[in-house]
Amino acid sequence: MSSDNTPWTKEQFEAELRGMESHYHIHHPYHTLMNEGKLTKAQLQGWVANRFYYQVCIPIKDANILANCPDRETRAKWIQRIMDHDGHPGDSGGIEAWIQLGIAVGLTREDITSLKFVLPGVRFAVDAYVNFARRAEWHEAASSSLTELFAPKIHQQRLDNWPEHYPWVDQEGYIYFRKRLTEARRDVEHGLAITLDWYKTREQQERMIQILKFKLDVLWTMADAMYMAYIHEMPPYFNIKA
């Protein structure tokens, strides 16, 4: 076997996974503008309304992973992700927290939950991810969630910068970001353990890098659709006259 085909050690493999942070949507122009306080109220509302579609599909994605997973121990841990978003006694859950974020930026509950503002590009990207989780081998579907490696940084940025840049946002809206700081770190620990244990050969490890890139592409494509619609003011069919 040539040196190019030598499997990475777990440490090297993890480093390769973490190195994919350069493709995370924290670097997308939409998020850069958001972080710098340069979005208008309507542009921030557009992001919140569209991102909600991703939020409501996360537990569906995770239910698909559970449905394909024969390992009882994994299911017992993974099911917590569904409860984190859908809620359970004592915790209304991340989906409700995101609705509160929408209300905090000036949308109504109906605006958010009706999904009427969701752009086709966002819907297609999220649906592609859900379908991947439904059809993929469960280890691959589980490890695609490892964009969570990079999530705490983006949540912390919002907690640090939004109060200064967007003082009109009600503080109650920040509950989701605070919750995910701890939840995402816990999820990463479990998802990373599954990934580092499962992918043994260099070919398998490189396949996992491509899976992670696919998930990063989903998030980036969502931001592309919003950038076109809300920054360039070219929403779908903008050039079609009624």
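Here is what the cut-offs are and how they apply
- Here the residue numbers are simple positions, counted from 1 along each chain's written sequence.
- Given that the model is predicted, a residue must reach a pLDDT of at least 70 before its local features are reported, and side-chain atom pairs must reach 80 or more before they are shown or counted; all residues, however, enter totals for whole chains, interfaces and linings.
- Calculated side-chain values reflect all of the structure's heavy atoms, with hydrogen atoms and water omitted.
- The term salt bridge refers to a pairing of a side-chain nitrogen on Lys or Arg with a carboxyl oxygen on Asp or Glu at a separation within 4 Å.
- For helices the rule is a DSSP run of H or I covering at least 4 residues; for strands it is a run of E covering at least 2, with both sets numbered from the N terminus onward.
- Classification of residues uses two cut-offs on accessible area relative to the type maximum, computed with a 1.4 Å probe and protein chains only: under 20% is buried, over 50% is exposed, and between them is partly exposed.
- Multiply 1.5 Å by the residue count of a helix minus one, and that product is the helix's expected span.
- The reported arc concerns the directions from the helix axis to the C-beta atoms and nothing else.
- To obtain each axis, a line is fitted to C-alpha atoms, and for helices this fit is confined to the stretch in contact; angles are then taken between N-to-C directions over 0 to 180 degrees.
- By the definition adopted for this analysis, an angle is roughly parallel if under 35 degrees, roughly antiparallel if over 145, roughly perpendicular if from 65 to 115, and oblique otherwise.
- Working rule for contacts: check all heavy atoms of both residues, and any pair within 4.5 Å makes them a contact.
- Residues were grouped as follows: Ala, Val, Leu, Ile, Met, Phe, Trp, Tyr, Cys and Pro as nonpolar; Asp, Glu, Lys and Arg as charged; and all remaining residues, including Gly, as polar.
- UniProt positions are given in the numbering used here, feature names are shortened, and annotations may be inferred rather than shown by experiment.
- We call Phe, Tyr and Trp rings a pair once their centres come within 6.5 Å, taking the six-membered ring for Trp, and we label the pair stacked below 30 degrees between planes, edge-to-face above 60, and tilted otherwise.
- The nonpolar core is taken to be a set of buried Ala, Val, Leu, Ile, Met, Phe, Trp, Tyr and Cys residues, with the residues joined through side-chain atoms within 4.5 Å.
- Distance thresholds for patches are 9 Å for like charges and 5 Å for nonpolar side chains (Val, Leu, Ile, Met, Phe, Trp, Tyr), applied to residues having over 30% relative accessible area and no salt bridge.
- For the accessible areas, the method is Shrake-Rupley and the probe is 1.4 Å, while residue cover comes only from the protein chains on display.

Caption draft 1: The pattern of salt bridges, seen in detail. As enumerated under the stated definition, the model contains 18 salt bridges in all. Residue Glu 148 is joined to Arg 81 by a salt bridge in which the shortest nitrogen-to-oxygen separation is 3.2 Å. In this pair, Glu 148 sits in the loop between α8 (138-143) and α9 (151-165) while Arg 81 sits in helix α4 (residues 72-86), placing the two residues 67 residues apart along the sequence. For Glu 148, a relative accessible area of 13% corresponds to the buried category. Ionic pairing is found between Arg 109 and Glu 96, a salt bridge with its closest N-O pair at 2.7 Å.

Caption draft 2: Up close: α4. In this model, α4 (15 residues) spans 21 Å end to end at C-alpha, consistent with the 21 Å of a helix rising 1.5 Å per residue. When we look at burial in α4, the residues that qualify are Thr 74, Trp 78, Arg 81, Ile 82, Asp 84 and His 85. Down the axis of α4, the smallest arc covering the buried residues is 155 degrees, so these residues share one side. Turned more than 90 degrees away from the buried face of α4 sit Arg 72, Glu 73 and Ala 76, all of them exposed.

Caption draft 3: Expanded view of the packing of helix α3 (residues 41-68) against helix α7 (residues 120-135). The contact between α3 and α7 brings their axes to 8 Å, and the two run at 10 degrees. By the criterion of interaxial angle, the relationship of α3 to α7 is roughly parallel. Along the contact surface, α3 presents Asn 50, Tyr 53, Tyr 54, Cys 57, Ile 60, Lys 61, Asn 64, Ile 65 and Asn 68, while α7 presents Val 122, Arg 123, Val 126, Asp 127, Tyr 129, Val 130, Ala 133 and Arg 134. Considering only residue class, the contact of α3 with α7 consists of 10 nonpolar, three polar and four charged.

Caption draft 4: Seen up close, the UniProt feature "domain: Thiaminase-2/PQQC" (unreviewed entry) in the protein. Cross-referencing UniProt, the feature "domain: Thiaminase-2/PQQC" (unreviewed entry) maps to residues 22-224 in the present numbering. End C-alpha atoms of residues 22-224 are separated by 16 Å, and the span's content is 74% helix alongside 0% strand.

Caption draft 5: Representation of the environment of Phe 214 within the structure. As for its position among the elements, Phe 214 is in helix α11 (residues 202-231). Using a relative accessible area of 26% as the deciding quantity, one classes Phe 214 as partly exposed. Residues Phe 214 and Ser 144, 70 residues apart in the sequence, show an inter-C-alpha distance of 8.0 Å. Setting aside anything within four residues of it in sequence, one finds Phe 214 in contact with Ala 128, Tyr 129 and Phe 132.

Caption draft 6: Molecular detail of the packing of aromatic side chains. This model, assessed by the stated rule, comprises 15 aromatic pairs. Ring plane angle 85 degrees and centroid distance 4.9 Å describe the contact between Trp 98 and Tyr 176, whose orientation is recorded as edge-to-face. You can see Trp 98 sitting in helix α5 (residues 93-104) and its partner Tyr 176 sitting in helix α10 (residues 175-198), a full 78 residues away along the chain. You can call Trp 98 buried: its relative accessible area is 0%. Assessed through its relative accessible area of 3%, Tyr 176 is described here as buried. By way of ring pairs, the aromatic residues Trp 47, Trp 98, Trp 162, Tyr 166, Trp 168, Tyr 174, Tyr 176 and Phe 177 are connected into one cluster.

Caption draft 7: Broad picture of the nonpolar core. Counting 76 residues, the largest nonpolar core has Leu 17, Trp 47, Trp 162, Phe 177 and Met 222 as its most contacted members. Tallying contributions element by element places α3 first for this core, with 12 residues. Residues within four places of Met 222 in sequence aside, it is in contact with Arg 51, Tyr 54, Val 122, Ala 125 and Val 126.

Caption draft 8: Region of the structure containing the side chain of Thr 74. Along the chain, the position of Thr 74 falls in helix α4. Apart from the residues lying within four places of it in its own chain, the contact partners of Thr 74 are Cys 69, Trp 138, His 190 and Ile 194.

Caption draft 9: Region of the structure containing a nonpolar patch on the surface. On the surface, Met 228, Met 234 and Phe 238 cluster together into a nonpolar patch covering about 250 Å² of accessible area. On the secondary structure map, Met 228 appears in helix α11. The exposure class assigned to Met 228 is partly exposed, which follows from its relative accessible area of 36%.

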